[in-house]
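The residues making up each chain are set out below.
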Amino acid sequence: MNTTRVIRGASVVSNGSLQKVDILVAGERISGVTIPGAIVPPPSAEVVEANGLWALPGGVDVHVHLREPGYTHKEDIETATKAAAAGGYTTLFGMPNVKPPTMTASDLESALELYDRKSLVDYNHNPAAKQTDQIAIMAEQGIAAYKIYMVADTGRSYPHPAAIGVHDHGHLLEAMQAVAATGLPLMVHPHDQRIEEVVEQRFWAEGDRSPQAYARTLATGDGLLWDTATSLLLRLAEATGCRLHIVHTTTSRQVEMIRAARRRGVKVTCEVNHWGLFLATWELVQELGPYVLSYWVPAHHQKAVWQALRDGSIDMVASDHAPHTREEKDVGYQDMWAAHTGTPGIQYQLPLLIDAHHQGRISLGRLVEVVAGAPARLFGLSGKGRIEPGADADLVLVDPDREWTITNESVLSKIDWTPYHGRTIRGAVQRTLVRGADVYVDGEVVGTPGFGRQAIPDATKRS
């Protein structure tokens, strides 16, 4: 066995509990997982002492806004993937709301070339499924999924530009039919644009464009915008056989509808994002205003989402990492409809989940599944998301007991702020490996831009 590295004495999750092991790495893959000391490594092997640390499979984040091309004043592929490495994420999928938006095979080719040159971690990129004549062509480029936005911004042109919004039900049907023929998943941001316009205009007529008015608009009718769109999407998925993946699961009714659809045989998965679990409370909307929006998730919905994450109704956690500058946020104190919405999160999502485990909110086995196992499996990345012989050596060593405080100064994203500034948590990423190579060690990014490789799903893998 040509072992090049031994991670000695780490604790891995096995059948829901922690078990101390040695992990043997040969080149880019895991070559063995044994009881400690069972195999003596050759003299040439590097030994990483991991006693007292957890070894988790590298996180797979299927929903990341890297902002390149077109919006690199906010973020770029290099800075986003540095943040990912520091946060224990070894594979990520970029989104198409860039400039130009990723809607054609040519757009996609250009985007993938950028990742190839600049990414520190493995990657893929989701094109928009708006030009139906391009959908089958883009499947041949090794993508893992498509993306549709049922939302377009009012009062601003970003982060949900009108060019990639799909609101007409007939257009949604055509897109789902075309995507179904590829066998790949379709990620959809559910939204009812017309209902939002009616509600927001009432606030505007009163002269109220505050963060609180914006939050109430998007949460109107106890989740009406989300629930009506989700109902439509599930029915279209049932009719077309499309593999639907719902992003931003935030209401109890969404969860109930998804459960019922699965019982009928609808092929649907879903995610929740860091902000839906750890931000988006009314108290934080009041305190942080534009810096916490995205959305408001009322307490009863947040409780339902946590329960659904625990019981498997929600399949995975994805960051929806969405960096914007302070200037683009600060305008929201006067006019939230002029501010760019979304929150950064990929650097801190895994530590926050580990802290939530310590609080008894999620089991460790379930944590590993929602961060790595489920996204890898459901998006066809068989080499990712598991610590087993033959899998990619995508590994995260975590100090489970280290208490530390998140600060703006620790942010590796191009922006210099985090909505979690000042929050003290327990559990920290100490080391991240992508295919056996260190990309983050003891607080320092050591990976090289361009090391990342396209993570191609099994069904479309090319020799």
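Above: the structure in question.
Residues numbered from 1 in each chain as written. Predicted model: local features only at pLDDT ≥ 70, side-chain atom pairs only at ≥ 80, totals over all residues. Heavy atoms only, no water.

(A) Representation of the pairing of strand β16 (residues 437–441) in the model. Where burial is concerned, most of β16 is hidden: four out of the five residues are buried. Where strand β15 (residues 424–434) lies against β16, four bridges are found, and the strand directions are antiparallel. Paired with V434 across the bridge in β16 is A437. Counting the residues in the hairpin turn of β15 and β16 gives two residues, including R435, whose phi is positive at 45°. In the sheet, β16 pairs with strand β17 (residues 444–445) via two bridges, with the strands oriented antiparallel. Opposite V441, over in β17, you have E444 as the bridge partner. In this structure, the hairpin formed by β16 and β17 is closed by a connection of two residues, where D442 is found at a positive phi of approximately 50°. (Buried < 20%, exposed > 50% of the residue type's maximum accessible area, 1.4 Å probe, protein only. Helix = DSSP H or I, 4+ residues; strand = E, 2+ residues; numbered from the N terminus. Pairing = 2+ DSSP bridges.)

(B) The arrangement of the pattern of salt bridges in detail. Overall, the coordinates contain 29 salt bridges when judged by the stated rule. Note that D438 and R5 form a salt bridge whose closest N and O atoms lie 2.9 Å from each other. In this pair, D438 is assigned in strand β16 and R5 in strand β1 (residues 5–14), connecting sequence segments 433 residues apart. Its salt-bridge partner being D392, residue R29 comes within 3.2 Å of it at the nearest N-O pair. Of the two residues, R29 sits in strand β3 (residues 29–34) while D392 sits in the loop between α14 (364–378) and β14 (395–405), which places them 363 residues apart along the sequence. Look at R29 and you get partly exposed, because its relative accessible area is 44%. (Salt bridge = Lys/Arg side-chain N within 4 Å of Asp/Glu carboxyl O.)

(C) Structural detail: the sheet that holds strand β8 (residues 122–125). Read across the open sheet, the three strands follow the order β6-β7-β8; overall the sheet is parallel. Of all strands in the sheet, those bounded by a partner on one side alone are β6 (59–64) and β8. Pairwise comparison of adjacent strand axes, ignoring direction, gives a mean angle of 20° for this sheet. Alignment of β6 against strand β7 (residues 89–94), held across four bridges, turns out to be parallel. In the sheet register, V60 faces β7, and the bridge partner there is T91. (Axes fitted to C-alpha atoms, helices over the stretch in contact; angles between N-to-C directions.)

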